[in-house]
Amino acid sequence: MTEAQENQALFVPPAVTPPEAPLPYFRALWTLMDNPIEAWPRAVYEQPFFARENNGQRFLYATDPAMLKDILLDKVEAFPKDWMFERVTKPALGEGLLTARGAHWRWQRRAAAPAFRPEPIAAMTPTMVKAAESALARWRERGDGARLDIATEMTAITFDVILETMLSGGEGIDVRAATQKITDYLETLGRVTPADLMQWPLWTRVALAPRGSRALVYLKAMVDRMIARRRREAARGDLVDLLMAAEDPESGRRMDDGLLRDNLLTFIGAGHETTALALTWSLYLVGRHAPTAARLREEVAAVAGEATITPEHVERLTFTRTVVQEAMRLYPSLPIMSRMCGTDTVAGGHPVKAGTFIFIPIYALHRHRRLWRDPDAFDPSRFGPEESAERPRFAYLPFGGGPRVCIGQGFAMMEAVAVLATLVRGAVLEPDPGHRIRPLVRVSMRPQGGMPMTLRLPRA
Ligand code: HEM
């Protein structure tokens, strides 16, 4: 095949069109609140870093892997999580694992770690596969040609999985109501608001968002009931028990109900929506690209035949894994991370002043002109062993990096591969050609208006 033919064969799914130059001040502010990825100028995709100063506030968009390695790993102490991140997450997640800093973070991370080792994750795989099979059974009842919102369907699967695996069933939780409340929260309090830009007291952002506040009251009460029940019951050996038994080696502190609630909300929030989105975007891309769909089905048939997917199968589903990795490159579930520079330092050879706001624009990093060939094209083969080996570690950050790397990475990949393999074997999903795809950031990156797809059932 000539290069021209190869280029013709490239499938380029919908992407944000970056502004050619930085937006004027007020438009930039509005866009940052509405959908931040639409505010980043083209330079963010082309230069190793992009520095700005507005009203005396320095901003640095970092996309150079050497700079990112300094920020997230080698000089991590100089780059703590920032006040904006804390304003958006703390009302819901308090002092839990995602938001805590320093020693208070460290002992919580150690406490949760055993739940995320490979053996417990392998033991959770049947639950993941069962949730996918139940979804297939529900879809079959709806019949060939049914229209499904795959974003909602994937959330139902992953919410079920997180409750069943990490929280031992989460009895009494109304999954539909809870996922709606999480959406309510993300759409209101889960975004940067004028109260944040003006740095008004934290209570004002909650008071100004009644729908988000009601959602928060609901979710906290839901988790409090769960904690009260679990304190009365015998241990079951899951994440809840690990957290209840944990003790800070420095202060001897145990998790009181407040900190336990912060953490359970953290694991519910961080542990299902992200994976649901990775699956949603994977299914969209597979639905749009017939050669990938065919190769995926061939691989699942060759590795597992008709058998229920096991962790051993997942290990051998190498192409399926690359499809998920490529989906998370093009549409990272968390498209932005941020930090604050706490002390004058150097990152990637570039001086950074204390007080500089650091954006890690994962969406742009994953499409960076200097780091990726055909950056906007869907091509899972780029995650083959050779190309991956040549890539700097900090060029691909769907799960972050350094000590604060996602604790659930292994869990999420097991779930995404096992569920995707199960679903593509049982159903064909055709994206709605009339639906405009707009990735919209509300902490996570969701397809605006969901992901409508038409179900096609293979003949028995
Ligand atoms: C595709 C799925 C997932 C993606 C893309 C994802 C992404 C991320 C990213 C980027 C971070 C780092 C945030 C930062 O440094 O600012 C993170 C942290 C975290 N994630 Fe995930 N995540 C996923 C699944 C999960 C799952 C399944 C769980 C738990 C069951 C989980 C729990 C957490 C927690 C607790 C943290 C905070 C870790 C710490 O600060 O020590 N995530 N995740």
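Remember, predicted model here, so these are calculated numbers, not experimental data.

What to know about the coordination of the iron atom of the ligand
And then number 1: In this structure the iron atom of the ligand is ligated by exactly one protein donor, C406 (SG), at 2.3 Å.
And then number 2: Following the sequence through the fold, C406 ends up in the loop between α19 (385-390) and α20 (409-426).

Thoughts on the environment of A43
And then number 1: By the secondary structure assignment, A43 is in helix α3 (residues 43-46).
And then number 2: Sequence spacing of A43 and C406 is 363 residues, and the spatial spacing of their C-alpha atoms is 28 Å.

Description of the site of the ligand
And then number 1: In the vicinity of the ligand lie 27 residues, with W105, R109, R339, R404 and C406 positioned nearest.
And then number 2: Between the ligand and R109, the relevant distance is 2.7 Å, taken from an oxygen atom to a side-chain nitrogen or oxygen of the residue.
And then number 3: For the shell around the ligand, the secondary structure elements donating two or more residues are α6 (102-112), α14 (257-288), β4 (337-340) and α20.
And then number 4: The residue inventory of the shell around the ligand, partitioned by class, reads 16 nonpolar, seven polar and four charged.

Describing the side chain of T165
And then number 1: Inspection of the secondary structure puts T165 in helix α8 (residues 150-165).
And then number 2: The class for T165 is buried, based on a relative accessible area of 10%.

Structural notes on the pattern of salt bridges
And then number 1: Tallied over the full model, the rule gives 29 salt bridges.
And then number 2: A salt bridge links E233 to R236; the shortest N-O distance between them is 2.6 Å.

Section: the sheet that holds β4
And then number 1: Strand order in the open sheet made by the four strands is β1-β2-β7-β4, with mixed pairing throughout. Either end of the sheet is taken by a strand with one partner, and the two such strands are β1 (49-54) and β4. Along the sheet, successive strands turn relative to each other by an average axial angle of 20 degrees, direction set aside.

About the criteria used
Residues numbered from 1 in each chain as written. Predicted model: local features only at pLDDT ≥ 70, side-chain atom pairs only at ≥ 80, totals over all residues. Heavy atoms only, no water. Donors = N, O, S within 2.8 Å, 3.2 Å for Na, K, Ca; no water. Helix = DSSP H or I, 4+ residues; strand = E, 2+ residues; numbered from the N terminus. Near = heavy atom within 4 Å. Polar contact = N/O pair within 3.5 Å; in protein donor to acceptor, adjacent residues only side chain to side chain. Nonpolar A, V, L, I, M, F, W, Y, C, P; charged D, E, K, R; others polar. Buried < 20%, exposed > 50% of the residue type's maximum accessible area, 1.4 Å probe, protein only. Salt bridge = Lys/Arg side-chain N within 4 Å of Asp/Glu carboxyl O. Pairing = 2+ DSSP bridges. Axes fitted to C-alpha atoms, helices over the stretch in contact; angles between N-to-C directions.

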